[in-house]
Number of protein chains: 6
Amino acid sequence: MTELGVVRRKVKRAERAAVEALGRYGVATVHEAMGRVGLMKPYMRPIYPGALISGTAVTVLLHPGDNWMMHVAAEQIELGDIVVAAITADCTDGYFGDLLGASFLARGAKGLIIDAGVRDVKTLTEMGFPVWSKCVSAKGTVKSTLGSVNIPVVCAGALVNPGDAIVADDDGVVVVPAGWAMKTADAAAAREANEGDKRSKLAAGVLGLDMYKMREPLAKAGLKYID
Amino acid sequence: MTELGVVRRKVKRAERAAVEALGRYGVATVHEAMGRVGLMKPYMRPIYPGALISGTAVTVLLHPGDNWMMHVAAEQIELGDIVVAAITADCTDGYFGDLLGASFLARGAKGLIIDAGVRDVKTLTEMGFPVWSKCVSAKGTVKSTLGSVNIPVVCAGALVNPGDAIVADDDGVVVVPAGWAMKTADAAAAREANEGDKRSKLAAGVLGLDMYKMREPLAKAGLKYID
Amino acid sequence: MTELGVVRRKVKRAERAAVEALGRYGVATVHEAMGRVGLMKPYMRPIYPGALISGTAVTVLLHPGDNWMMHVAAEQIELGDIVVAAITADCTDGYFGDLLGASFLARGAKGLIIDAGVRDVKTLTEMGFPVWSKCVSAKGTVKSTLGSVNIPVVCAGALVNPGDAIVADDDGVVVVPAGWAMKTADAAAAREANEGDKRSKLAAGVLGLDMYKMREPLAKAGLKYID
Amino acid sequence: MTELGVVRRKVKRAERAAVEALGRYGVATVHEAMGRVGLMKPYMRPIYPGALISGTAVTVLLHPGDNWMMHVAAEQIELGDIVVAAITADCTDGYFGDLLGASFLARGAKGLIIDAGVRDVKTLTEMGFPVWSKCVSAKGTVKSTLGSVNIPVVCAGALVNPGDAIVADDDGVVVVPAGWAMKTADAAAAREANEGDKRSKLAAGVLGLDMYKMREPLAKAGLKYID
Amino acid sequence: MTELGVVRRKVKRAERAAVEALGRYGVATVHEAMGRVGLMKPYMRPIYPGALISGTAVTVLLHPGDNWMMHVAAEQIELGDIVVAAITADCTDGYFGDLLGASFLARGAKGLIIDAGVRDVKTLTEMGFPVWSKCVSAKGTVKSTLGSVNIPVVCAGALVNPGDAIVADDDGVVVVPAGWAMKTADAAAAREANEGDKRSKLAAGVLGLDMYKMREPLAKAGLKYID
Amino acid sequence: MTELGVVRRKVKRAERAAVEALGRYGVATVHEAMGRVGLMKPYMRPIYPGALISGTAVTVLLHPGDNWMMHVAAEQIELGDIVVAAITADCTDGYFGDLLGASFLARGAKGLIIDAGVRDVKTLTEMGFPVWSKCVSAKGTVKSTLGSVNIPVVCAGALVNPGDAIVADDDGVVVVPAGWAMKTADAAAAREANEGDKRSKLAAGVLGLDMYKMREPLAKAGLKYID
């Protein structure tokens, strides 16, 4: 439930081993392993290509044009966390730059997911601090209204509870509920193992039509070939 | 005409020589040579910069959230083809990833143009398989409803007939009707030859105002200079 | 005031020293130094990452699908200028490509800011001519209707007067009125000096909560910590 | 094929009886009867609610910010036609107002479908001349560049050939190829007849689950009920 | 947690008295009474103006282009419910029309909130069945993939649990967690009582500056009046 | 120039007679009479159809999510003013509702133009207080950061100086600089007089092709008629 003006200090985080395991697979594989749910909207893009991170969510709810709670969130970061920032209404302001980046990095954060704007992207890239955001904007913010830290938030269309496992890469951002992390990692592993073999076959020219035995169901559905 | 549940196997493709010739010019030049038509919407962006491809269209029409026909399309690919995927309604799902990429590559495809999402973009980039898409999304799809392969489709605002020549680069994607391919290649060549000379003059400081003899028509149109 | 069919030749440009000084800071810092105003909309993106330019504005007002005045603007460019192009209505056409790029570069322009599309982005990148635009589009334009050069324009939500200082980098584009350039450069310098120390502290693990003395105002505002 | 500078005067229009028959059903029914294709994008909205029209397409291709060809199109209108206007690139300008409305009405047009803006909407509403458009905009246009009349166009994502049947109402706009008009009208009639009975049952509280016999396939697909 | 293929039959609904009380206030008042949280995105618009409904949520999660679960949801409707439909990815298809409208109405539903498209809006308006949706689209859907009914969903950016109180009017849609319904209704009542007096004063020409005693804090914040 | 924390009390308003005269013509006519400039973006829509207002601008610059300055603006309203509200960055929050509506009405305002959201639209409609806005949103705002009143602002893409004449109707919103008001009203009158005759001719079936003598220039431009 969304309550404002609250900071939850004790958060049950997804198991470290599970989170690390999830980090071995891409977002696409984890999302499939989850049963195709938990994905943030595709407008969430990384500020630089090639990053792949997994971690546990410290959530923060902010108001349009106000990044005060980012500093409150910084204190709640533990090693291996990813900060997930939601806004109470659509906003493109640049809530986060290189100063907060230095702070989050020092606290042990692996990255930031924010449903708004970010700035100082060149410096953040040089620092190797990855951010997935709705946009890039130099627009600064004020510090005057309370939001909350470590409450459930909706970020880019996905529900995130504090402690949930987050995986982010060039394909986007997926949220794995803390209680599902281990079984999802297992499912992802199984999927990945399975995919290697498929990839070789397809790369050798075998058609998915044959490999997945689709010809019969397609014909049954009424597919007609014409010349 | 849009018919569902149909795969056309025999497609008259644009002449290979013309398609290869078109590939020597950028999209901007080909689009101008076409008379400024045939361009897809500018939201179509490449998953990595620097690619320039030309090929003949294998078209596929899919439903929102359903990539079943991608596998049917794979079988229709011939060496030098580019798959052009349209959806019956707006959708951002990731219809295509590294497995289908391996399959398309093995079949001889030069790239994919899709008016929806794509995933596994890091792997596709490493494989050197270029994709122009509306967005990047890890969101997977089901395989349950028939679309069609090699029928006329509207992709990102442009009509594409199977066999049409497609040129794609960092500036976007242009469609050249098969019957126009050779004369468009010729027009592009003429244009390009012409542009080299213009470029040198402009780079030497000659103004377009003088080179294109615009001063008189501008004055006639009423342009006033004030100090 | 917006008048069509007019070219102003004599423009009072922001002081060169101030403009160069502004170029030492990023857009984010200058925007803060301005008091958080003057920023263009975040949809304005560079065609390649890493560029940072500052210069004085030559403004141009164009019509949808018509780039005639770009050539008129070229003649008004002085060494160190940045061309700022506004359109009388939303348009995604590619008003600018490598030929105009060669011309602008020869005239001494440092870059282009355009609230529309640009093309030949690969060549422009190779030439090192940076452009910030709303989109990339190969779509060509006609040359038939008069706009104006060096009149006040609204570009991507920001008012730009001819001669204003412009700073652009990966974070976006900011406009500094000519009369404010020096004091803004000074304010940016002060800000930057101040930030270095803050950055070190934050990188060493000091919290913004403590460094900015936020704990008391947060408590006063009613922030509650729960376990 | 898209050719500029051309007006086709002789157009084979869809049969009048079929077009009138299509006008008895809503867009939703016709679209279903077509096999769920041929629909324009949902951003196409009527300027006033409650209109339902059917007619044959006079197509016109225009350039951004230029409505010259609207006047050329006016002459090609026959009684019962609907003008379908496409633009070579995205544009929000107001290409059409009360003067052209008076002209089109006098020529026998039943309405206008335009993938751009329209103005004088209050007067057009009072005149009872319905328009489906992308937006409303007072922005005027120039008259200086040739487009074409009665060539195939892509309007709001749908291919429209001159003479095709168009049906438009509060649900949007659907295009029925001229050659399909009669069989589509028949399919729509069958569908409508069928729906009346279904509607009564559903209104009486019968569930779709039972009426459509969905319980078994749902169970087979694995649906689980929990308390 | 998002689980697919599940229908929860027993849902603890918000107290009827509280839900009815909430229905006496507009969405704006309830949203303020909630502490300014729980609002859906402003793109959610009613298909006709003037409706104001309150009810308890039956949630349904659907896939892009697939409305199968709508029929499953119908069976779970109790008198006074509002169906809240979320999609696993962005989709504009018309999931709901007059047939389902007749069914939902017969089951006792007060309206539908759907983060996608709706069709037959003219008939639904005549039936007096209000719908808040992302868009209007005649595009039909298939019935082939399982979603879920009465699980927590994210609809238009807001978390909705089955049984939550929903209030919708011309200003949008707000979600009140079931456990908060009564106290929110009380807070709304207090707010409303308070507003009547304020409205009279403001309508009599008293300034908010004086009524809210803002002059001093504004001066303290540094506001300067100049002539 | 954009300065924060400032209220200008003495504003030179456009002449009352000119403003009233402008109010006799629609936005489309005034925009044409202005030379096709000064129009706000077409996303600005009225909360109810049919209103046509003209007045003089009281401008206000606000921050995302903060409507404090609305109350400051209220005091600066004189009889016949229209408040024009700009935000320092994109925001959809509901800055204005029925309480402020009552206040503005009491102060003599004719309407509100706001590049953000508005709420209580049903009540505002009943009060007959017209608002043109980017969207409707129940989302409330805080009151904590200074903006400015009666400084130049950019609202929905148009520059507005305090005292400028504003005309708004179903076609949108146009800004007429105070110094241009009278001559624009005269030009609009001339245009309107001229249009009546044209309208009659067109309504009688005369073609624009003939009335505007377009056949020759079209032929010269190369238009070809084919059968």
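A short tour of the structure in this document, coming up. Please read all numbers here as calculations on a predicted model, not as lab measurements.

1. Structural notes on the interface of chain A and chain C
- At the junction of the two partners, chain A supplies 35 residues and chain C supplies 33 residues.
- Both faces considered, chain A and chain C share a buried interface measuring about 3100 Å² in area, 62% of it formed by carbon and sulfur atoms.
- Contact with chain C buries area across many residues of chain A, yet Trp68(A), His71(A) and Leu99(A) alone supply 19% of it, more than any other trio.
- For the pair chain A and chain C, the interface holds four salt bridges.
- One salt bridge connects Asp227(C) with Arg9(A), and the closest N-O pair in it is separated by 3.0 Å.
- Counting only elements with at least two residues in the side of chain A that touches chain C, the list comes to β1 (6-8), α3 (68-76), α4 (98-107), α5 (121-127) and β6 (131-136) of chain A.
- Considering every element that reaches the side of chain A that touches chain C, the biggest residue donor is α3(A), with seven residues.
- Looking at chain direction, β1(A) and strand β12 (residues 224-226) of chain C are connected through three bridges and run parallel. Within β12(C), the position partnered with Val7(A) by the bridge is Tyr225(C).

2. A short note on the pairing of strand β4 (residues 81-87) of chain A
Residues and elements named next belong to chain A.
- Most of β4 is tucked away, with seven of its seven residues classed as buried.
- Taking every second residue as pointing to the same face, both faces of β4 are buried, with Asp81, Val83, Ala85 and Ile87 on one and Ile82, Val84 and Ala86 on the other.
- Inspection of the sheet shows strand β3 (residues 53-62) paired to β4 by seven bridges, in the parallel sense. Bridge pairing in β4 places Thr56 opposite Asp81.
- For the crossover that starts at β3, traverses α3 and ends in the parallel β4, the hand is right-handed.
- Relative to strand β5 (residues 111-118), β4 runs parallel, the two sharing four bridges. If you follow Val84 over to β5, its bridge partner there is Ile113.

3. Some details on the packing of aromatic side chains
- Taken as a whole, this structure holds 12 aromatic pairs over all chains when the rule is applied.
- For the ring pair Phe96(A) and Phe129(A), a centre distance of 5.8 Å and an interplane angle of 25° mean the geometry is stacked. With Phe96(A) in the loop between β4 and α4 and Phe129(A) in the loop between α5 and β6, this pair connects stretches of sequence that are 33 residues apart. Pair check on accessibility: Phe96(A) and Phe129(A) agree, each one buried.
- Ring plane angle 65° and centroid distance 5.0 Å describe the contact between Phe96(F) and Phe104(F), whose orientation is recorded as edge-to-face.
- For Phe96(F), a relative accessible area of 0% puts it in the buried group.
- Across from the ring centre of Trp180(A), 4.9 Å away, lies the NZ or CZ of Lys183(A), which sits over that ring.

Analysis parameters
- Residues numbered from 1 in each chain as written.
- Chains lettered and ligands numbered in written order.
- Predicted model: local features only at pLDDT ≥ 70, side-chain atom pairs only at ≥ 80, totals over all residues.
- Heavy atoms only, no water.
- Contact = heavy atoms within 4.5 Å.
- Buried area = accessible area lost by both parts, 1.4 Å probe.
- Salt bridge = Lys/Arg side-chain N within 4 Å of Asp/Glu carboxyl O.
- Helix = DSSP H or I, 4+ residues; strand = E, 2+ residues; numbered from the N terminus.
- Pairing = 2+ DSSP bridges.
- Buried < 20%, exposed > 50% of the residue type's maximum accessible area, 1.4 Å probe, protein only.
- Right-handed = clockwise from strand over helix to strand, strands pointing away.
- Phe/Tyr/Trp six-rings, centres within 6.5 Å; stacked < 30°, edge-to-face > 60°.
- Lys NZ or Arg CZ within 6 Å of the ring centre and 35° of its normal.

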